[in-house]
Amino acid sequence: MNNKRKIRVLVTKAGLDGHDRGAKVIAMVLKDAGMEVIYTGLHQTPKEIVNTAIQEDVNFIGLSILSGAHVGISKKILEQLKEKGAQDILLVVGGTIMDRDIDKLKDMGVVEVFPMGTDIDSIVSFFRDRLID
Amino acid sequence: MSLDKIKQAQKKWEVDNKVDKLPPAKSDMGAELPLIYTPMDIENVDYLKDLGFPGDYPFTRGVYPGMYRKNPWQMRLYSGFGTAEDTNKRWKFLLARGNNGVAVAFDLPTQMGINSDHPHAEDEVGKLGVAIDTLRDMEILYANLPLDKLISSFNINAPAAIIMAMYITLGEKQGFASEKLAGTISNDILCEYVSRGMWVFPPSPALRLTGDLVEYCTRHLPKFYPFNIRGIIMREAGANMIQEAAFAFSNALAYIQEVTSRGLHVDDFGRRISFFFATGLQIFEEAARYRATRKLWARTMRERLGAKDPKSMLFRFTGTTGGSYYRTKEPLNNLVRGAYGLLGNILGGAQGMLHPAWDEPFAIPTEESALLALRTQQILAYETGVPNVVDPLGGSYYVETLTKQYERKIEEAIQKIDEMGGAVKAIEEGFMQKAIASEAYRMIREEKSCERVVVGMNKFVAEDEKQEKREMKFHEADPRVRERQIDRLNQVRNERDEGAVENCLDELKEKARRKENLMPYLIKTVKVYASIEEIMEALKEVFGTFKEPLNI
């Protein structure tokens, strides 16, 4: 197991929302848990996000959104992943997300949703377990 | 009684009651707190020098002599959503119930200076605030609301000068000269580089725009507060209460330097400087922090910047319970959290409050939750007696001691930024950003270890709680907002004089290159219904855009 590659996560902020407290904290939490984390910074377009994800060869895209634009933006990222044949990269979304949108996001192909208030340990173990599956 | 006697009595009391066996307690910033404070702790407090009377230097006890006797604080709700019509309706609902003026929430496209039909705006139009593309939207937003009677406060930074130009033009159209207009515009771009990311231009031309607005208002809008330094943006991103005050002061110093470099004296605009801070739930620490902040600001203005007019020395602030203290689990608890934060603000001597509604972690407030937020303030102001006596915590051994300590801590943090070369340098190097992110991380780790208790989140959580999900009613965004907004934008485009728009934009670019004050040209440009995006694009050609430092 020692030569197993570390889990690589692209933490990103899409659209116009600049609230990056959650994104930065999650990046630090995942780093502390031994994962490799790349943070894109703010205002990324879905296209830029997917290009960076492919370039950085990540396992996950962790999208943080607090503006309520999560459905539209997630959809565009998933379309980009499909278009580039990069569906092995899994999309995870966190932020201000109401219950009623969680199923909607999962039906679209988001593998997991972490609404505000999610326990940070459960986020770490999700990333780990998901790759072992 | 001599202090020695008290000291001896305390020793005996401590031993008799085995107080060293009691569990320790920590301040919000992690410092250990003694069990009690006594006269010994304030032995060196000089009443007239350190506290004085409310309205007298150093203003520790309050910026005005009468404080809440004459009027309670300004009560406002931050409000805006959908199109201008939707927001106009909500404002009238709130004004009819005692809201003092309006605090405008703009949607993210407006805050970033792009139009509603920009591809990047697709999912954001009218979501977090009202959509403004042109002067036409402002006309509708303020329909039947005469600007000579209404106080407006604007939360807008990168395109602040454009929104201000629209407001001045709107006033003129309603028949009011600009000196009649009263209100506040945040116009604080530095906090955006630190925390919220609503920047467009690089810091240096952005500071120039800030300065243009302040200079113009100083000369033409004597009742308007042309900048409102937003500690809150940094606090909500994770800054602790000391960092919030220190970083906000450092940013303010950068603006003051920009404006005085144009030949204005600090007393020309010092009375128009105001602040907006967030307050946590540590009531006594927050109240002490505000007392310390008032004192330090007065000293900074007088001793460091040479202000002579006492009105320039006042730390006037709007407060709010920090929205980051609100939680999504058992969200009605936020009503209670909000009320305690509010109490801390008022004991701290706030001039205004923008109180958040309990459902804001989910969505913008409903009419019902917005009204509750207003009622929370009115009940504190009129039913509890809290505002009756000025600075009721003055003289408390505990609060006075903290006040002294916090004043020193804030000053030390400012000195550190001074040594780095000031706020702009500290931001360009990512210093403030990093300091804030580590505090945010500390808080979440403390929450995780239950050192920081959040009721219903990490304490008193029932095992079977997951099953009981209550249906709650939240604000529903109208799916047709974007379409309606784009229709109006297109209609404006069809009706306006395209040649005039182009000429104004060309002139604006030319003046931007020449470093003239841009306000008169912005007013000219918005008047012919140029859109916010067209104006920002023209300025980008001259100013360029910002590249974010990424160090976490």
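On a predicted model such as this, the values are computed, not experimentally measured, just so you know.

A. Just the overall build of chain B, in detail. On a plain count of helices and strands, chain B comes out with 21 helices and 12 strands. Against the 2.2 N^0.38 benchmark of 24 Å for 552 residues, chain B shows a C-alpha radius of gyration of 24 Å, consistent with a compact globule. Its C-alpha atoms put chain B at 85 × 60 × 50 Å along the principal axes. Across the 552 residues of chain B, 50% fall into the buried class.

B. Region of interest: the domain arrangement of chain B. Considered domain by domain, chain B is made up of domain 1 (3–33) and domain 2 (47–63 + 72–456). Between domain 1 of chain B and domain 2 of chain B, the C-alpha centre-to-centre distance is 37 Å.

C. Region of interest: unusual backbone geometry. Residue and element names in this part refer to chain B. Looking along the chain, the bond that leaves Tyr57 and enters Pro58 is cis, with omega of 0 degrees. Topologically, Pro58 is positioned in the loop between α2 (47–51) and β3 (74–76). At Lys18, a residue that is not glycine, the phi angle is positive and equals roughly 45 degrees. Turning to its location among the elements, Lys18 is positioned in the loop between α1 (3–16) and β1 (25–26). For Lys18, a count of 8 C-beta atoms within 10 Å translates into the label exposed. Phi is positive for Glu330, close to 40 degrees, though the residue is something other than glycine.

D. Quick look at the pairing of strand β1 (residues 8–13) of chain A. Residue and element names in this part refer to chain A. β1 sits mainly inside the fold: five of its six residues count as buried. Here β1 runs beside strand β2 (residues 36–39); their pairing, made up of four bridges, is parallel. Among the inter-strand pairings, Arg8 is bridged to a residue of β2, identified as Glu36. At this point the chain moves from β1, through helix α1 (residues 21–32), to the parallel β2, and the crossover so formed is right-handed. Note that β1 and strand β3 (residues 60–65) share five bridges and pair parallel.

E. View of the sheet that holds strand β9 (residues 227–230) of chain B. All names here are of chain B. Taken together, five strands build an open sheet; the order of strands is β3-β12-β11-β10-β9 and the sheet is parallel. Strand pairing shows two members of the sheet lacking a second neighbour, β3 and β9, which therefore form its edges. Across the sheet, the mean angle from the axis of one strand to that of its neighbour is 25 degrees, orientation sign disregarded. With three bridges joining them, β3 and strand β12 (residues 352–354) adopt parallel strand pairing. In the sheet register, Arg76 faces β12, and the bridge partner there is Leu354. Taken strand by strand, helix α13 (residues 333–347) contacts β10 (273–279), β11 (317–321) and β12, and its axis lies near 155 degrees from that of β11.

F. The nonpolar core, seen in detail. Judged by nonpolar contacts, the single largest core of 187 residues is most densely connected at A:Ile61, B:Ala161, B:Ala165 and B:Leu522. Excluding its chain neighbours within four sequence positions, the residues that come into contact with B:Leu522 are B:Ala161, B:Ile162, B:Ala165, B:Leu508 and B:Ile535.

G. Representation of the sheet that holds β1(A) in the model. Residue and element names in this part refer to chain A. One open sheet accounts for five strands, arranged β2-β1-β3-β4-β5; its pairing is parallel. Edge positions in the sheet fall to β2 and β5 (112–115), since each has one partner strand and no second. Ignoring which end each strand starts from, the neighbouring axes of this sheet average 20 degrees apart. Looking at chain direction, β3 and strand β4 (residues 90–95) are connected through six bridges and run parallel. In the strand pairing of β4, Ser64 is matched with Gly94.

H. Region of interest: the pairing of β3(A). Residue and element names in this part refer to chain A. Among the six residues of β3, six are classified as buried, and the element is accordingly described as predominantly covered. Because side chains alternate across β3, one face comprises the buried residues Phe60, Gly62 and Ser64, and the other comprises Ile61, Leu63 and Ile65, equally buried. For the crossover that starts at β3, traverses helix α3 (residues 70–83) and ends in the parallel β4, the hand is right-handed.

I. Broad picture of the interface of chain B and chain A. Listed by partner, the interface residues are 30 residues for chain B and 26 residues for chain A. Listing elements by their share of the side of chain B that touches chain A, those giving two or more residues are α4 (108–112) and α17 (431–448) of chain B. At five residues, α17(B) tops the list of elements feeding residues into the side of chain B that touches chain A.

J. Seen up close, the environment of B:Phe53. Residues and elements named next belong to chain B. Of note, Phe53 is situated in the loop between α2 and β3. For Phe53, a count of 16 C-beta atoms within 10 Å gives the class partly exposed. Counting along the chain gives 337 residues from Phe53 to Val390, while the straight-line C-alpha distance between them is 9.6 Å.

Analysis parameters
Residues numbered from 1 in each chain as written. Chains lettered and ligands numbered in written order. Predicted model: local features only at pLDDT ≥ 70, side-chain atom pairs only at ≥ 80, totals over all residues. Helix = DSSP H or I, 4+ residues; strand = E, 2+ residues; numbered from the N terminus. Rg over C-alpha atoms; globule rule 2.2 N^0.38 Å. Buried ≥ 20, exposed ≤ 12 C-beta atoms within 10 Å, placed from the backbone. Domains from an automatic or database assignment. Pairing = 2+ DSSP bridges. Right-handed = clockwise from strand over helix to strand, strands pointing away. Axes fitted to C-alpha atoms, helices over the stretch in contact; angles between N-to-C directions. Contact = placed C-beta atoms within 7 Å. Core = buried A, V, L, I, M, F, W, Y, C linked by C-beta atoms within 7 Å.

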